[in-house]
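Chain residues, written in single-letter form:
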Amino acid sequence: MGHVNQPSARRVSARIGAIAPSATLAVDAKAKALKAAGRPVIGFGAGEPDFPTPPAIVEAAVRAAHDPANHRYTPAAGLPALKEAIAAKTLRDSGYEVSPGDVLVTNGGKQAVYQAFATVLDPGDEVLMPTPYWTTYPEAISLAGGVPVEVLAGPETGYTVSLEALEAARTPRTKVLLFNSPSNPTGGVYSPEQTVAIGRWALEHGIWVVTDEIYEHLVYDHAVFTPVVRAVPELADTTIVLNGVAKTYAMTGWRVGWMIGPSDVVKAATNLQSHLTSNVSNVSQQAAIAALTGDLSAVEAMRTAFDRRRRTMVTMLGAIDGVATPTPLGAFYAYPSVAGVLGRPIRGRTPTTSADLAGLILDEVEVAVVPGEAFGPSGYLRLSYALGDDDLVEGVSRIQALLAEAD
């Protein structure tokens, strides 16, 4: 039977049609396509370590692939041994106890983000979302029926949101506070004092906290990672912790994340996952067990390299007229303001937004960066320093030379 044209019928649902593609993945894909075509593109777009997964973890996966026990379905909530390893790792790194039964293993951190919001939000519930934000957050909130409410956290405060701003944004519909420290995209890190104050504020007003802690091991200088539940233990019954192995162990492609929360919430999220994807790949779960039960020496080696690159990038960006770069204290991103460059002619073009400027940089000097529009307000660029030292210096040098031509 031939296709019947029905112009009045919606071919893609409004819910799915409203989802914007991941801007960071789009930039990374374009950079890789240009590289594949032979262009000398340097990409600052992707948020993934350039290191290989540590050998002991890979070897554990190889052994797991040969074990027939891993060739079958396993519990949707995750392998019991991995859930136990996550609970033990939480005690080791975050300083508080959780039950393995309150852990749900997910297909990467993004699935944990979506399932957390889908489990606690009803239509119209508002989520306070410090801005700039990771590009996936508002899409996951909206898809779950919630309303993302942007709360500006600018460079003047180290990209951390104030209690006053949160209180001004709070309404009777506020259900959740999204908390991300260390932060993607800014590298901002909340101090222990800030974390305690924000946690107590959420507790006082009966607001859930969804805390994304995937960059917990990547902090620098005087910054320390402060788990919300350790800072305010009374929040444990209204907090969902999101985490995974991707950033800490250079395992972005293995797709293992998790969520920790109250028993009823984790049970409901597990029911959702049982219909959505069922269990995470058993081979990847076995690799994650090896990662979480091993030592952190490889993690520290990567953190040391990121720290060196961070300092190089901040120094080089700081030398560009019109670019202001707060020093990131966590994760592996710099988030400079480029407001001083916008509106100035460069090679016959006059960028007026950070999206314009990112396009100009890619076209003229073949360097891929992510514009601030992907994370909230225009006027910023996100550059990942999770790439080789030589490429980092070459890429920022190209940007320096180009922006030096601005009139």
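Caption draft 1: Looking closely at the overall build of the protein. For the protein, the helix and strand inventory stands at 14 helices and twelve strands. Relative to its length of 407 residues, the protein is compact, with a C-alpha radius of gyration of 22 Å against a globular reference of 22 Å. Counting only C-alpha atoms, the protein reaches 65 × 60 × 50 Å along its principal axes. For the protein, restricting intrachain contacts to residue pairs at least 6 apart in sequence, the fraction spanning at least 24 positions comes to 73%. Approximately 17100 Å² of the protein is accessible, and the part contributed by carbon and sulfur atoms is 55%. Of the side chains in the protein, 31 bear a positive and 41 a negative charge, and the two mean positions are spaced by 6 Å.

Caption draft 2: Quick peek at the pattern of salt bridges. A full pass over the atoms with the stated rule returns 20 salt bridges. Note that glutamate 366 is salt-bridged to arginine 39, the shortest N-O span being 2.6 Å. Linking glutamate 366 in the loop between helix 13 (354-365) and strand 10 (367-368) with arginine 39 in the loop between helix 2 (23-36) and strand 1 (42-43), this pair joins segments that are 327 residues apart in sequence. Residue arginine 39 is classed as partly exposed on the basis of its relative accessible area of 41%. When the shortest N-O distance is used, the salt bridge between arginine 92 and aspartate 93 registers 2.7 Å. Judged by its relative accessible area of 39%, arginine 92 is partly exposed. Via salt bridges that share partners, Asp50, Arg308, Arg309 and Asp389 belong to a single interconnected network.

Caption draft 3: Quick peek at the side chain of arginine 309. Inspection of the secondary structure assignment puts arginine 309 in helix 12 (residues 297-318). Overall, the relative accessible area of 4% leaves arginine 309 in the buried class.

Caption draft 4: Molecular detail of the environment of tyrosine 137. Note on placement: tyrosine 137 falls in helix 6 (residues 136-143). Overall, tyrosine 137 belongs to the buried group, its relative accessible area being 2%. When sequence neighbours within four positions are dropped, the list of residues in contact with tyrosine 137 reads Val113, Met129, Leu178, Asn180 and Asp212.

Caption draft 5: The arrangement of helix 6 in detail. Buried residues of helix 6: Thr136, Tyr137, Pro138, Ala140 and Ile141, and no others. Where helix 6 is buried, its residues touch helix 5 (108-120), strand 3 (126-131), strand 4 (147-152), strand 5 (174-180) and strand 6 (208-212).

Caption draft 6: Summary view of the sheet that holds strand 6. Across the sheet, which stays open at both edges, the seven strands sit in the order 2-8-7-6-5-3-4 with mixed pairing between neighbours. Both edges of this open sheet fall to strand 2 (103-106) and strand 4, since each of them pairs with a single strand only. Put simply, the sheet's adjacent strands are angled 20 degrees from each other on average, direction ignored. Relative to strand 8 (residues 257-260), strand 2 is paired through four bridges, and the arrangement is antiparallel. Residue valine 105 lies in a different strand from strand 8, and its bridge partner there is tryptophan 258. Sheet strands in contact with helix 10 (residues 263-276) are strand 2, strand 6, strand 7 (239-244) and strand 8, and its direction is about 30 degrees off that of strand 2.

Caption draft 7: The layout of surface pockets, seen in detail. Approximately 500 Å³ is the volume found for the largest pocket. Only helix 2, helix 5, helix 6 and strand 7 provide two or more residues apiece to the lining of the largest pocket. For the lining of the largest pocket, the per-class residue count stands at ten nonpolar, ten polar and eight charged. Of the pockets and cavities examined, the second largest pocket occupies roughly 280 Å³. Taken together, 20 residues form the lining of the second largest pocket, with Asp28, Lys35, Gly43, Ala46 and Leu387 sitting closest to its centre. Only helix 2 and strand 1 provide two or more residues apiece to the lining of the second largest pocket. The leading source of residues in the lining of the second largest pocket is helix 2, at five residues. Classifying every residue of the lining of the second largest pocket gives ten nonpolar, four polar and six charged.

Caption draft 8: Summary view of the nonpolar core. Core analysis: the biggest nonpolar cluster contains 41 residues, and Phe44, Met313, Leu357, Ile361, Val369 and Leu403 have the highest contact counts within it. Within the residue set of this core, elements represented by two or more residues are helix 12, strand 9 (333-334), helix 13, strand 12 (381-384) and helix 14 (389-403). Among residues more than four places away in sequence, those in contact with methionine 313 are Phe44, Ala334, Leu383, Ser384, Tyr385, Leu392 and Val396.

Caption draft 9: Spotlight on the sheet that holds strand 12. Sheet architecture is open: three strands sit in the order 9-12-11, paired in antiparallel fashion. Unpaired on one side and paired on the other, strand 9 and strand 11 (370-371) mark the two borders of the sheet. Bridge analysis of strand 9 against strand 12 gives two bridges, and the strand direction is antiparallel. Paired with tyrosine 333 across the two strands is serine 384, which belongs to strand 12. Lying on the sheet, helix 13 is in contact with strand 11 and strand 12; it crosses strand 12 at an angle near 45 degrees.

Quick notes on the rules
- Residues numbered from 1 in each chain as written.
- Predicted model: local features only at pLDDT ≥ 70, side-chain atom pairs only at ≥ 80, totals over all residues.
- Heavy atoms only, no water.
- Helix = DSSP H or I, 4+ residues; strand = E, 2+ residues; numbered from the N terminus.
- Rg over C-alpha atoms; globule rule 2.2 N^0.38 Å.
- Contact = heavy atoms within 4.5 Å.
- Areas by Shrake-Rupley, 256 points an atom, 1.4 Å probe, with all protein chains shown as cover.
- Lys, Arg positive; Asp, Glu negative; His and termini not counted.
- Charge placed at Lys NZ, Arg CZ, Asp CG, Glu CD.
- Salt bridge = Lys/Arg side-chain N within 4 Å of Asp/Glu carboxyl O.
- Buried < 20%, exposed > 50% of the residue type's maximum accessible area, 1.4 Å probe, protein only.
- Pairing = 2+ DSSP bridges.
- Axes fitted to C-alpha atoms, helices over the stretch in contact; angles between N-to-C directions.
- 1 Å grid on protein atoms, 1.4 Å probe; cavity = no way out; pocket = protein on both sides within 12 Å on 5 of 7 lines; lining within 4 Å.
- Points joined across faces, edges and corners; volume = space filled by probe spheres on them.
- Nonpolar A, V, L, I, M, F, W, Y, C, P; charged D, E, K, R; others polar.
- Core = buried A, V, L, I, M, F, W, Y, C linked by side-chain atoms within 4.5 Å.

Treat this as a map of the structure, not an account of what it does.
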